[in-house]
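The lines below spell out each chain.
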Amino acid sequence: MLDINIQAVLQNLYNKQQHYGSVYIGQQTLYSKQNIDVICPIDGKKIASIGLSTAVQIEQVVAESQSAFKQWEVVPAPQRGELIRQFSVLVRNHKTDLAKMISLEAGKPIQESLGEVQELIDVCDFAVGLSRQLYGLTIATERPNHRMMEQWHPLGPIVVISAFNFPMAVWGWNVALALVCGNSVIWKPSCQCPLSALACQQLLVQALTALNYNPAISSIVFAQQQGVEQLVDNKKIKLVSATGSCQMGRAIGIRVAARMGRTLLELGGNNALIVCPSANLSLAIRAITFSALGTSGQRCTSLRRLFIHQSLHANIIEQLKTVYQTVKIGDPFNPENLMGPLVNQVAVDTMLTSIEQAIAEGGKVICGGEIITKADSGFYIRPAIVQISSDASIVQQETFAPLLYVHSFDLLEEAISAQNSVSQGLSSAIFTENLQESELFLSCIGSDCGIANVNIGTSGAEIGGAFGGEKDTGGGRESGSDAWKNYMRRVTNTINYGNDLPLAQGISFDMP
Ligand code: UN1
């Protein structure tokens, strides 16, 4: 069995420091000698260590995933949906424990962690319904006695690479859809969050075993760059779905494209929110603060750039300052704290360096940026607001931290153009009660992002919509809508039930 028991891990949180394997093929665990420590963001102490997969182990996991796929792809889709339904019942039963694991490893406030587990449950429910709706079109043909149709077939083993900030839900978006679509899944979770990954794997293997399916339909590989490269270069992997930085996604995208494989990329954002003169300010302030401070600014959808109409600038800044200076920051297990720590010391240092660079580029710190605790006792920092020109070079980068740049504008067209001028294109929002302004923002000459919201912040999307962004964000769409099509291959079938062989385009090819 897997060497993790959800309750046991939680009971021994700080003193067990267990060593976990490097590869999990279903319930089979493989170990390697090369280990890395997992540091808890809450107190900076080691909570566990994990092995890194060897090259031989990666070959083995791909081979076993491939043979499990062969058995799984022929199971009728609604039965595959039943697996996800049973898995989601287990997730529901362990909701609180799973949320605690997320808070422990990612440092997220417990309310947000519960929300993340709910997001996993929601996407499972969506996938169960989807398992009876994997339909193709029937298309009118130009030839008599012919029928043309589309079918969608499973792809094969797929790799899911997920980040520390959503250690369960983003895997969930992928695995729930990928499995009902008939694929096997190899998960490369963040090495920061191995217990969250193993807990999910344990529950999925439990559901697979209860239904007598091959547990190797689901595998986990703990790997760093070398192992990831080996995995994504393997031609047997039909799709690589990766969430993380633009830099990581570009490197993976190029490698997979070189072997004509498929990618589904959900990369960095540099998300903006525009506040127009007619905005409902109490809604706007709440949306800004949740989007900028939630998950300590470590969501790909976090608000990074705030464009305020000049008539409201002083008022909004004053209100934000009050929130930023009073927001409760501390132990994520205490539900009163709305912000936990950043994930590690590097994240804290990166935030401080960005603030320094912003100042060097003429930015003015309005508030925040003070370190709350020392490096050996967690990674807490006060969120910061910096007023700066929207075309400063630091503003073009995504700093994965609670650092908000504010800009003021006069004309909405100028704000939209500045919003779109960065290389990333994930999420965006406008606050306005003016129909013309909101429709302009949503039109093809408005926001160029994959997500464009009205009177809602940039983060906190529901699973029912397609999630992802344009430009350097990678172009992928995961989760809801028709994102399932990414996990299947489309076949066009033309069937002739007549006695002639008419050719398309009216071509005649008659033998003399
Ligand atoms: C991420 O940060 O990678 O829309 C995912 C949101 C969440 C998902 C974020 N539902 O903020």
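Heads up: these notes are all about the structure in this document. (Residues numbered from 1 in each chain as written. Predicted model: local features only at pLDDT ≥ 70, side-chain atom pairs only at ≥ 80, totals over all residues. Heavy atoms only, no water.)

### Overview of unusual backbone geometry
Using the following cut-off: By definition, any uninterrupted DSSP run of H or I lasting at least four residues is a helix, any uninterrupted run of E lasting at least two residues is a strand, and each is numbered from the N terminus.
Here Ser296, not a glycine, exhibits a phi torsion of approximately 50 degrees, which is positive. As for its placement among the helices and strands, Ser296 is situated in the loop between α10 (281–293) and β14 (303–309). The phi torsion at Ser481 lies on the positive side, around 50 degrees, for a residue other than glycine. Within the secondary structure, Ser481 is located in the loop between β23 (478–479) and β24 (488–496).

### Topic: the site of the ligand
For clarity, the cut-off: Only a single heavy atom is needed: when it lies within 4 Å of a molecule or strand, its residue is near that molecule or strand. Side-chain atoms alone can form a polar contact between residues adjacent in sequence; in general such a contact is a pair of N or O atoms within 3.5 Å, and within protein one must be able to donate a hydrogen while the other accepts it. All accessible-area figures derive from a Shrake-Rupley calculation using a 1.4 Å probe, and residue coverage is judged against the displayed protein chains alone. Think of it as three bins: nonpolar holds Ala, Val, Leu, Ile, Met, Phe, Trp, Tyr, Cys and Pro, charged holds Asp, Glu, Lys and Arg, and polar takes everything else, Gly as well. In this entry, domain limits derive from an automatic or database-based domain assignment.
Taken together, Glu119, Asn165, Phe166, Trp173, Glu266, Arg299, Cys300, Thr301, Ser459, Gly460, Ala461 and Phe467 make up the full set of residues near the ligand. At a separation of 2.9 Å, a nitrogen atom of the ligand approaches a polar side-chain atom of Glu119. Cys300 is positioned such that a nitrogen or oxygen atom in its backbone is 2.8 Å from an oxygen atom of the ligand. Contact with the protein chains covers 99% of the free accessible surface of the ligand, which is 320 Å². Of the residues that constitute the shell around the ligand, the class distribution is five nonpolar, four polar and three charged. Both of domain 1 (53–267 + 474–491) and domain 2 (271–463) provide at least three residues apiece to the shell around the ligand.

### Re helix α14 (residues 435–442)
An α-helix turns once every 3.6 residues. As a result, residues three or four positions apart point the same way. Spelled out, the test is: Here's how the labels work: a residue is buried when its accessible area is under 20% of the maximum for its type, exposed when over 50%, partly exposed in between, all with a 1.4 Å probe on protein chains only. To obtain the arc, one takes the directions from the helix axis to the C-beta atoms. In what follows, residue pairs with any heavy atoms lying within 4.5 Å of each other are defined as contacts.
When α14 is considered as a whole, its buried residues turn out to be Glu437, Ser438 and Phe441. For α14, the angular spread of the buried residues around the axis is 95 degrees, confining them to a single face. Exposed and facing more than 90 degrees away from the buried side of α14 are Leu435 and Gln436. In this fold, the buried residues of α14 make contact with β13 (271–275), α13 (412–420), β19 (427–431) and β20 (451–454). Two to three positions downstream of the cap, the backbone nitrogen of Gln436 sits 2.8 Å from a side-chain oxygen, assigning the N-cap of α14 to Asn434.

### Digging into the sheet that holds strand β15 (residues 364–367)
Selection criterion: Whether two strands pair comes down to DSSP finding at least two bridges between them. Working convention: axes come from line fits to C-alpha atoms, limited for helices to the stretch in contact. Angles between N-to-C directions cover 0 to 180 degrees.
Spatially, β15-β16-β17-β14-β13-β19-β20 is the arrangement adopted by the seven strands of the open sheet, whose pairing is mixed. This sheet does not close on itself; its edge strands, each paired only once, are β15 and β20. In this sheet, adjacent strand axes meet at a mean angle of 25 degrees when their direction is disregarded. Of the pairings in the sheet, the one linking β13 to β19 comprises four bridges and is parallel in character. When the sheet's bridge partners are listed, Leu273 is paired in β19 with Ala429. Across the sheet, helix α12 (residues 345–360) is in contact with β15, β16 (384–387) and β17 (403–409); its angle to β17 comes to roughly 30 degrees. Sitting on the sheet, α14 is in contact with β13, β19 and β20, with an inclination near 175 degrees to β20.

### Observations concerning the environment of Ala127
With respect to the helices and strands, the residue Ala127 is situated in helix α5 (residues 110–130). Classification of Ala127 as buried rests on a relative accessible area of 0%. With 49 residues separating them in the primary sequence, Ala127 and Pro78 have C-alpha atoms 9.9 Å apart. In this view, Ala127 contacts Ile84, Ala176, Leu177 and Val180; residues no more than four positions away in its chain are not counted.

### A look at the sheet that holds strand β2 (residues 23–25)
Think of a sheet as strands paired side by side through backbone hydrogen bonds, with each pair either parallel or antiparallel. The seven strands are arranged β3-β2-β10-β9-β8-β11-β12 in an open sheet whose pairing can be described as mixed. Here the strands that pair on one side only, and so sit at the sheet edges, are β3 (28–30) and β12 (262–266). The mean inter-strand angle of the sheet, taken between neighbouring strand axes irrespective of direction, is 15 degrees. Where β2 meets β3, three bridges bridge the pair, whose relative direction is antiparallel. Its bridge partner lying in β3, Ile25 is registered against Gln28. Running over the sheet, helix α6 (residues 169–180) touches β8 (157–161), β9 (184–188), β11 (239–243) and β12 and is turned about 165 degrees from β9.

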